[in-house]
Amino acid sequence: MIRLEGVTRQFRSAAGARTALDNVDLTVAPGEVFGVVGRSGAGKSTLVRTINLLERPDAGRVFVAEQELTGLKPAALRAARRRIGMIFQHFNLLHSRTIRDNIALPLVLEGRSRAEIARRVDELMERLGLTEHARKYPAQLSGGQKQRVGIARALTSEPSILLCDEATSALDPETTEDILALLDSLNRELGLTLVLITHEMEVVRRVCDRVAVMQDGRIVETGATADVFLNPQTAATRSLLAEGESHTAAPRPTSGTVARLVFRGQGTFDPVLSRISRETGVDHAILAGRIGRFRDQPYGQLEIAFQGEHTDMAISRLRAEGVEVEVLP
Ligand SMILES: Nc1ncnc2c1ncn2[C@@H]1O[C@H](COP(=O)(O)OP(=O)(O)OP(=O)(O)O)[C@@H](O)[C@H]1O
């Protein structure tokens, strides 16, 4: 659905050249919710703006739905862009226009008929719970409502892709959850492909099927969210994940083997640890733990201290049951 091949983008200024994207390859499958994370300046916005060619790469090719956008003439590019909606952190609404007119704007610019515009705008306002706000102005709405207007406006041309640039970063946690639930339902019900830039790891856990981690204009790691978050392969990913977590190390006992266990999927709910403890006579003390969810997939992470003669056997048995076990030094 989306394919970037060897995309490079430099910005030149008085201070010199800055490589915002450095030979980036990326593939996003149809119907996927794809997250892009990284520190400020890593190149996330430039990457996402390259997908609809708001930012033109200096080198490399961009394909959307098997069509090479980088090879299109202006009129064909305008048509291709209609399949790609975009929403923004600060909503980018026109303050002097009503909610209805903000949503209608892309259709007005395309020269659609009044009847068609009215039908489509009514339908979107109904779907997004905005009907009662039709005649209000953006300043009269809350942040979450303004983002709903942004989403409605992005959906007017019935895109198959929605690019979300820090779409929840200006919202409080409850409103963030509300907008994420809406994006999640648009993905599930309309099959909309979502590419979502965020600096909030919780947003990625909540909605993203896959994630790419960016650093200095490159994608340093990419994979299923659960794989990247539970087994980060790069220092950049580990440092992003460590942010906001407690930095107090789990207490360590003076004897025994300390290990980190990861349970995934339905296995999260199996009493496998106590069963294997009983069968091998190996006791365990829980030092730290967390349970949660990656989109639909439940997971649990435990740091435990094994105590007993047959610790190696208990660890092999856990691995045989599908529990990931990393023995800590
Ligand atoms: N229009 C521009 N002119 C000059 N430099 C730019 C421009 N746009 C981006 N850059 C530079 O390119 C690099 C990548 O910027 P980009 O906005 O893509 O990063 P980001 O990961 O989205 O960061 P943030 O989270 O702060 O938005 C930065 O060093 C930035 O200063």
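Please read all numbers here as calculations on a predicted model, not as lab measurements. (Residues numbered from 1 in each chain as written. Predicted model: local features only at pLDDT ≥ 70, side-chain atom pairs only at ≥ 80, totals over all residues.)

**Q** Mind showing me how you'd approach the environment of R278 here?
**A** Relative to the assigned elements, R278 resides in helix α10 (residues 272-280). It is 54 Å that separates the C-alpha atoms of R278 and I87, two residues lying 191 residues apart in sequence. (Helix = DSSP H or I, 4+ residues; strand = E, 2+ residues; numbered from the N terminus.)

**Q** For this particular structure, what's the right way to read the UniProt feature "domain: ABC transporter" (unreviewed entry) in the chain?
**A** UniProt records the feature "domain: ABC transporter" (unreviewed entry) for residues 2-241 in the present numbering. Taken end to end, residues 2-241 has its terminal C-alpha atoms 26 Å apart, with 38% of it in helix and 28% in strand. (UniProt positions renumbered as here; feature names shortened; annotations may be inferred.)

**Q** What's the story with unusual backbone geometry in this structure? I'm lost.
**A** What you tend to see is this: most non-glycine residues have negative phi, and most peptide bonds are trans. Located in the positive-phi region is L53, a residue other than glycine, with phi close to 60 degrees. Secondary-structure assignment places L53 in the loop between α1 (44-51) and β4 (59-64). Of note, the phi angle at E66 is positive, near 65 degrees, even though the residue is not glycine. Here E66 is to be found in the loop between β4 and β5 (67-68). You can call E66 exposed: it has 7 C-beta atoms within 10 Å. (Buried ≥ 20, exposed ≤ 12 C-beta atoms within 10 Å, placed from the backbone.)

**Q** Hey, could you run me through the domain arrangement of the chain in this one?
**A** A common way to express how large an interface is: the accessible area buried when the components associate. Structurally, the chain comprises domain 1 (2-242) and domain 2 (257-327). For domain 1 versus domain 2, the separation of C-alpha centres amounts to 38 Å. The partner domain 2 presents 7 residues to the 8 residues of domain 1 that form the contact. At the level of elements, α7 (201-207) and α8 (225-230) are the ones that each hand at least two residues to the side of domain 1 that touches domain 2. It is α8 that contributes the most residues to the side of domain 1 that touches domain 2, 4 residues altogether. (Domains from an automatic or database assignment. Contact = placed C-beta atoms within 7 Å.)

**Q** I keep staring at the site of the ligand and nothing clicks. Help me out?
**A** Around the ligand, the neighbouring residues are F11, S13, R18, A20, G38, S40, G41, A42, G43, K44, S45 and T46. For the shell around the ligand, the secondary-structure elements that each account for two or more residues are β1 (2-13), β2 (16-28) and α1. With 3 residues, the single largest contributor to the shell around the ligand is α1. Among the residues making up the shell around the ligand, the classes are represented as 3 nonpolar, 7 polar and 2 charged. (Near = placed C-beta within 6 Å. Nonpolar A, V, L, I, M, F, W, Y, C, P; charged D, E, K, R; others polar.)

**Q** I keep staring at the sheet that holds strand β3 (residues 33-38) and nothing clicks. Help me out?
**A** Pairing between the strands of a sheet is mediated by backbone hydrogen bonds and can be parallel or antiparallel. The mixed open sheet is built from 6 strands, whose spatial order is β6-β7-β8-β3-β9-β10. Only two strands of the sheet have a single neighbouring strand rather than two, namely β6 (84-88) and β10 (218-224). Adjacent strand axes in the sheet meet at a mean angle of 15 degrees, parallel and antiparallel pairs treated alike. Here β3 pairs with strand β8 (residues 193-197) via 4 bridges, running parallel. Across the sheet, F34 pairs through a bridge with V195, a residue of β8. (Pairing = 2+ DSSP bridges. Axes fitted to C-alpha atoms, helices over the stretch in contact; angles between N-to-C directions.)

**Q** What's the story with the confidence of the model for the chain in this structure? I'm lost.
**A** As a note on interpretation, predicted positions should not be read in detail where pLDDT is low. Summary statistics for the chain give a mean pLDDT of 93 and a share of 98% for residues scoring 70 or more. Our summary of model confidence lists the complex with pTM equal to 0.89 and ipTM equal to 0.95. (pLDDT = per-residue confidence, 0-100.)

**Q** Would you mind showing me how to read the packing of α10 against helix α11 (residues 311-320) here?
**A** Axis angle and axis distance: for two packed helices, these are the angle between their axes and the distance between the axes, and together they describe the pair. It is at 10 Å that the axes of α10 and α11 come closest, and there the two elements cross at 140 degrees. In this structure, α10 meets α11 at a crossing whose hand is right-handed. From α10, V272, I276 and T280 reach across to α11, where they touch M313, A314, R317 and L318. Across the contact of α10 with α11, the residue classes tally to 5 nonpolar, 1 polar and 1 charged. (Left-handed = near helix turned anticlockwise from the far one by under 90°.)

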